[in-house]
Amino acid sequence: MTLARNLLECAETATLAPPPPQQEEQFVMGLVADPDAPGPTGELAFNVYASIADDGTGYGTLIDPVHPSYSSDLRFVSRQRQGPHYRWEGVVTRSNDPGLVGQPVVLLATVHGDSASPLELVFLGHTFRGRGLVVIAIIAILIGLLVPAIQK
Amino acid sequence: MNSRRTFLAGLGAAALVPASLPAALPAALPVALPGRGPCAPPATGEYVVGVTSNPLLPGPAGELVLRTWLSVAADGTGFGILTDRYGPGSSSHLAVQSAVRNGHNYTWQGVVTRSNEPLLVGQPFTLSAHVQGGIASLDLVLMGQTFSGQGRITD
């Protein structure tokens, strides 16, 4: 009975407190190309995958099964967000073409629901455009509220 | 080279087997359904991802598990990728030339523009989808064969 009362008091306090901090993680997949680019670059079409943690770090892949030499692993180091607009910055860590290792990559998405449209990949001095799917997990940190209630 | 031959031989052989022609083939064609309003290109474009196969096909074609991605603009044009991890001869780029949406039904048509198998270049394809509960039932028609599976569409 006392525990229930304490929990209720804590819940009332929680409703007055500012919203709990949240963690936001993203999974991005999409398809991009730049058919207007000159030469072989214009023939590329990349499947893009990215898994980004709350701190903006994460990893991903670029895959063109018709041009496998461009297939690469990515490491993301930062994220910026302005409303529905996301920007993830990273670098190529491994690639079938060793010359691509160390190349910077920027992934840009405007997110509507679970749709990323447009989805853009800035890579090798070109902007590859397309569409994609974004799954965003927002995890509210409730532990900070529950622990005092239990202690009380 | 050998896998390339067997891939094509598989598709060719499958085309000669009437029993392998799926009943779902007519559903893959973009048809205006009477009483359901005119078919028109979707207003916003789509991103499509899915996996299809047809294990009833004879030979190597029956072993293909084709992963398909499309990026389609609002005007119904776009591009795509088709690949099978264990049958790299089928890996291809697609050009989407038209899109039709009728309620929960989509149809995209186009052509193979690049491929690890040169004989696939220029081949038409049709991908049709029926969306229900967030999941899309997919039928991919390529080289006269239908590969069916599931996927996801985002507008």
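Residues numbered from 1 in each chain as written. Chains lettered and ligands numbered in written order. Predicted model: local features only at pLDDT ≥ 70, side-chain atom pairs only at ≥ 80, totals over all residues.

Draft legend 1. Structural view of the overall build of chain B. Counting its secondary structure elements, chain B contains one helix and eight strands. Listing each helix as α and each strand as β along chain B from the N terminus yields α-β-β-β-β-β-β-β-β. Residues counted as buried form 44% of the 155 residues belonging to chain B. Across chain B, every contact between residues at least 6 apart in sequence was considered, and the portion connecting residues at least 24 apart equals 51%. (Helix = DSSP H or I, 4+ residues; strand = E, 2+ residues; numbered from the N terminus. Buried ≥ 20, exposed ≤ 12 C-beta atoms within 10 Å, placed from the backbone. Contact = placed C-beta atoms within 7 Å.)

Draft legend 2. Molecular detail of the overall build of chain A. For chain A, the count of helices and strands is two helices and eight strands. Traced from its N-terminal end to its C-terminal end, chain A shows the element sequence α-β-β-β-β-β-β-β-β-α. For chain A, the residues scored as buried account for 32% of the 152 residues in total. Relative to all contacts within chain A whose residues are 6 or more apart in sequence, the contacts with residues 24 or more apart total 42%.

Draft legend 3. Quick look at the sheet that holds strand β7 (residues 135-142) of chain B. Residue and element names in this part refer to chain B. Strands sit in the order β1-β2-β3-β4-β5-β6-β7-β8 around a closed barrel of eight strands; the barrel is antiparallel. Averaged over all pairs of adjacent strands, the angle between strand axes in this sheet comes to 30 degrees, irrespective of strand direction. Of the strand pairs in this sheet, strand β2 (residues 65-72) and strand β3 (residues 78-83) are connected by six bridges, and their pairing is antiparallel. Paired with Thr-68 across the two strands is Leu-82, which belongs to β3. (Pairing = 2+ DSSP bridges. Axes fitted to C-alpha atoms, helices over the stretch in contact; angles between N-to-C directions.)

Draft legend 4. The arrangement of the pairing of strand β6 (residues 124-132) of chain B in detail. Residue and element names in this part refer to chain B. For strand β5 (residues 105-115) and β6, the ladder comprises seven bridges, and the chain directions are antiparallel. Each bridged residue has a counterpart across the sheet, and for Gln-109 the counterpart in β6 is Thr-126. Taken together, the eight bridges between β6 and β7 define a ladder with antiparallel strand orientation. Looking at the pairing, Thr-126 lines up with Val-141 of β7.

Draft legend 5. A look at the environment of Val-101 of chain A. Within the secondary structure, Val-101 of chain A is located in the loop between β5 (85-95) and β6 (104-112). Excluding residues that lie within four positions of it along the chain, Val-101 of chain A makes contacts with Val-92, Thr-93, Arg-94 and Ser-95 of chain A.

Draft legend 6. How the structure looks around the interface of chain B and chain A. Between chain B and chain A, the residue contacts involve 19 residues of the former and 16 residues of the latter. Elements supplying a minimum of two residues to the side of chain B that touches chain A: β1 (46-53), β2, β3, β4 (92-102), β5 and β8 (145-154) of chain B. The element best represented in the side of chain B that touches chain A is β3 of chain B, accounting for four residues. Residues that form the side of chain B that touches chain A fall into these classes: six nonpolar, 10 polar and three charged. (Nonpolar A, V, L, I, M, F, W, Y, C, P; charged D, E, K, R; others polar.)

Draft legend 7. View of the confidence of the model for chain B. Residue and element names in this part refer to chain B. Across chain B, the average pLDDT comes to 80, with 72% of residues at 70 or higher. Taken together, the stretch residues 1-5 has pLDDT below 50 and engages in four contacts with residues farther than four places along the chain or on a different chain. Overall, residues 12-38 carries pLDDT values under 50, and its contacts beyond four positions in sequence, including any with other chains, amount to 37 contacts. (pLDDT = per-residue confidence, 0-100.)

Draft legend 8. Main features of the environment of Leu-124 of chain A. Residue and element names in this part refer to chain A. Within the fold, Leu-124 resides in the loop between β7 (115-123) and β8 (126-140). A sequence separation of 58 residues divides Leu-124 from Val-66, and the C-alpha atoms of the two residues are 18 Å apart. Apart from residues lying up to four places away in sequence, Leu-124 is in contact with Thr-41 and Gln-103.

Draft legend 9. Expanded view of the pairing of strand β4 (residues 72-82) of chain A. Residue and element names in this part refer to chain A. The sheet contact formed by strand β3 (residues 58-63) and β4 spans five bridges and is antiparallel. Of the residues in β4, the one forming a bridge with Gly-58 is Phe-76. In sequence, β4 turns back onto β5 through a hairpin of two residues, with Gly-83 there showing a positive phi of about 60 degrees.

Draft legend 10. Focus on unusual backbone geometry. A cis amide bond, omega 0 degrees, links Ser-117 of chain A with the succeeding residue Pro-118 of chain A. Locating Pro-118 of chain A in the fold gives a position in strand β7. If you check the backbone angles, Leu-124 of chain A has positive phi at about 55 degrees while not being a glycine. A positive phi angle is found at Met-143 of chain B, which is not glycine, with a value near 55 degrees. Looking at the secondary structure, you find Met-143 of chain B in the loop between β7 and β8.

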